[in-house]
Amino acid sequence: PARGALPTQPPRRAAGLQKRSTRSSQCYLGIPITRTRDMGKGSAASAQVVPAADSPQSYRSSSPSKSTTTNRTKNSHVASVLHAIAKADEDNRHEIPFDDVPPELLCPDRLDLRVWSLLVSNKTCATIENYVTERESKFVEDAMAQLAEEQRQADLPRKKAKKASDDKRGVSASMAATTDARWLARQEAYALQRAKVEADARAGALERSHSEVGLKAVRMGGASKLGDIGLSRIAKCAPRLEVLDISGAIDIHDVGLREVALHCVHLRYLDLSGCSSLTGPGLAAIGERCNQLKHVSLRGCSRAVNGWALAALSKGSGEAIEYLDMSHCQLLSDHDLMTA
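Residues numbered from 1 in each chain as written. Predicted model: local features only at pLDDT ≥ 70, side-chain atom pairs only at ≥ 80, totals over all residues. Heavy atoms only, no water.

### Points about the sheet that holds strand S7 (residues 269-271)
With parallel pairing, the six strands of this open sheet are ordered in space as S4-S5-S6-S7-S8-S9. In the strand order of this sheet, the two ends are held by strand S4 (110-112) and strand S9 (323-325), each with one partner. Adjacent strand axes in the sheet meet at a mean angle of 5° when their direction is disregarded. Looking at chain direction, strand S8 (residues 295-297) and S9 are connected through three bridges and run parallel. Residue Val 296 lies in a different strand from S9, and its bridge partner there is Leu 324. (Pairing = 2+ DSSP bridges. Helix = DSSP H or I, 4+ residues; strand = E, 2+ residues; numbered from the N terminus. Axes fitted to C-alpha atoms, helices over the stretch in contact; angles between N-to-C directions.)

The following block contains the structure:
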């Protein structure tokens, strides 16, 4: 307006004109809502939250508005997108289709099951024991069959000489077997000698089977479900075991480690890192029996590594040990390290 002119008054609302309102759709706590704001004359602007038409708490009207239809379309689109994402996530979920380690991985004489450590349990150790026993039994039976063939070949000249003597005297083989006392005595002595030879040969073949086809190394780091029973099975079937890694086996106690000390005296590598259930006697038994240890890791075995256990370990295997990790063992003191 021109300078000095009075401002014009806004046009008055008609008497019968209703209040205007604006509606906007939002989402509150996962529930689609509609915000209504009254724009009446002479009253302050107010807002009211009302559930949208497609919400479970909505008050559906017989004739939904255009904004309600739009919200419903958007919400259905969002729901379909979320369903597609959930479906893709379900399809891409990689679950291990095994309850135990596949048997094909338990046959070699050097087992590395660290990749399968989540599945290693006492049942796995029982399967390993069966495989090792079958392999060693087959080795022994083959050795005994070879010995029997060698004995048969060695008996041929003696049997030929006996047959020639009987033919010369005109005595049949059946009559000679029942009437010749010296022959019968020699046969009994020979049978006893042969039984002793077979027993010694079987024992020697079994010992060779431990070295040639027996279990030499077992690495099961992270096998949290491994227990004393499973470790005892491994120890008893592998007297020539040289490498044992059971780091992270929180359910291994001194009973299981004592079985290892009794049967696996040829150990050279032992990793007990994180075996928090050990308390010391098992480690002392290892020191007394396993005198060929070169690598020992006791990282995090705070209850097992104390003064007297370290003294027992150093007394038996101290001269052979080349690597010893005792980090995070709070019970050790400077005096224990100096006197060990």
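### Here we look at the side chain of Asp 254
Tracing the chain through its elements places Asp 254 in helix H6 (residues 254-263). A distance of 2.4 Å separates a polar atom in the side chain of Asp 254 from a polar atom in the side chain of Thr 279. (Polar contact = N/O pair within 3.5 Å; in protein donor to acceptor, adjacent residues only side chain to side chain.)

### Overview of H6
Listed in full, the buried residues belonging to H6 are Asp 254, Gly 256, Leu 257, Glu 259, Val 260 and Ala 261. Packing partners of the buried residues in H6 comprise helix H5 (228-237), strand S6 (243-245) and helix H7 (281-289). (Buried < 20%, exposed > 50% of the residue type's maximum accessible area, 1.4 Å probe, protein only. Contact = heavy atoms within 4.5 Å.)

### Side note on the packing of H6 against H7
The geometry of H6 relative to H7 is characterised by a closest axis approach of 8 Å and an angle of 5° between their N-to-C directions. As far as their axial angle goes, H7 and H6 are roughly parallel. Of H7, the residues touching H6 (which contributes Asp 254, Leu 257, Arg 258, Val 260, Ala 261 and Leu 262) are Pro 281, Gly 282, Leu 283, Ala 285, Ile 286 and Arg 289. A class-by-class count of the residues in the contact of H6 with H7 yields eight nonpolar, one polar and three charged. (Parallel < 35°, antiparallel > 145°, perpendicular 65-115°, else oblique. Nonpolar A, V, L, I, M, F, W, Y, C, P; charged D, E, K, R; others polar.)

### Digging into the nonpolar core
Counting residues in each nonpolar core, the largest one holds 50 residues, and the members touching the most others are Leu 244, Ile 246, Leu 267, Leu 272 and Ile 286. At the level of elements, helix H2 (122-169), H5, H6, H7 and helix H8 (307-317) are the ones that each hand at least two residues to this core. Among the elements that take part in this core, H5 stands out by supplying four residues, more than any other. Dropping the residues within four chain positions of it, Leu 272 is found in contact with Ile 246, Ser 247, Leu 257, Leu 278, Ser 297, Leu 298 and Cys 301. Counting five residues, the second largest nonpolar core, distinct from the first, contains Ala 143, Met 144, Leu 147 and Ala 205. (Core = buried A, V, L, I, M, F, W, Y, C linked by side-chain atoms within 4.5 Å.)

### Quick notes on the packing of aromatic side chains
Applying the stated criterion across every chain yields a total of zero aromatic pairs. If you follow Arg 219 out to its NZ or CZ, it ends over the ring of Tyr 269, 5.1 Å from the centre. (Phe/Tyr/Trp six-rings, centres within 6.5 Å; stacked < 30°, edge-to-face > 60°. Lys NZ or Arg CZ within 6 Å of the ring centre and 35° of its normal.)

### Notes on the environment of His 253
When you line up the elements, His 253 lands in the loop between S6 and H6. In this structure, the C-alpha to C-alpha distance between His 253 and Cys 275, residues 22 residues apart in sequence, is 8.1 Å. Filtering out sequence-adjacent residues up to four positions away, His 253 remains in contact with Asp 228, Ser 277 and Leu 278. Reaching out from His 253, the side chain makes a polar contact with the backbone oxygen of Asp 251 at a distance of 3.1 Å.

### Observations regarding the side chain of Thr 124
Relative to the assigned elements, Thr 124 resides in helix H2. Among all residues touching Thr 124, those that are not within four sequence positions of it are Asp 100, Val 101, Leu 106, Leu 113 and Leu 119.

### A closer look at the pattern of salt bridges
One pass over the structure, following the stated rule, counts ten salt bridges. Linking Glu 322 and Lys 294 is a salt bridge whose minimum nitrogen-to-oxygen distance equals 3.8 Å. Taken together, the positions of Glu 322 in the loop between H8 and S9 and Lys 294 in the loop between H7 and S8 put the pair 28 residues apart, joining distant regions of the chain. By relative accessible area, which is 65% here, Glu 322 ends up exposed. Three or more residues are tied together by salt bridges with common partners; here these are Asp 155, Arg 194 and Glu 198. (Salt bridge = Lys/Arg side-chain N within 4 Å of Asp/Glu carboxyl O.)

### Structural notes on the environment of Ile 250
Here Ile 250 is to be found in the loop between S6 and H6. Overall, Ile 250 belongs to the partly exposed group, its relative accessible area being 46%.

### Details of the packing of H5 against H6
Contact geometry for H5 and H6: axes closest at 8 Å, N-to-C directions at 5°. The angle between H5 and H6 falls in the class roughly parallel. Here Asp 228, Leu 231, Ser 232, Ala 235 and Lys 236 of H5 come into contact with H6, specifically with Val 255, Gly 256, Leu 257, Glu 259, Val 260 and His 263. By residue class, the composition of the contact of H5 with H6 is five nonpolar, three polar and three charged.

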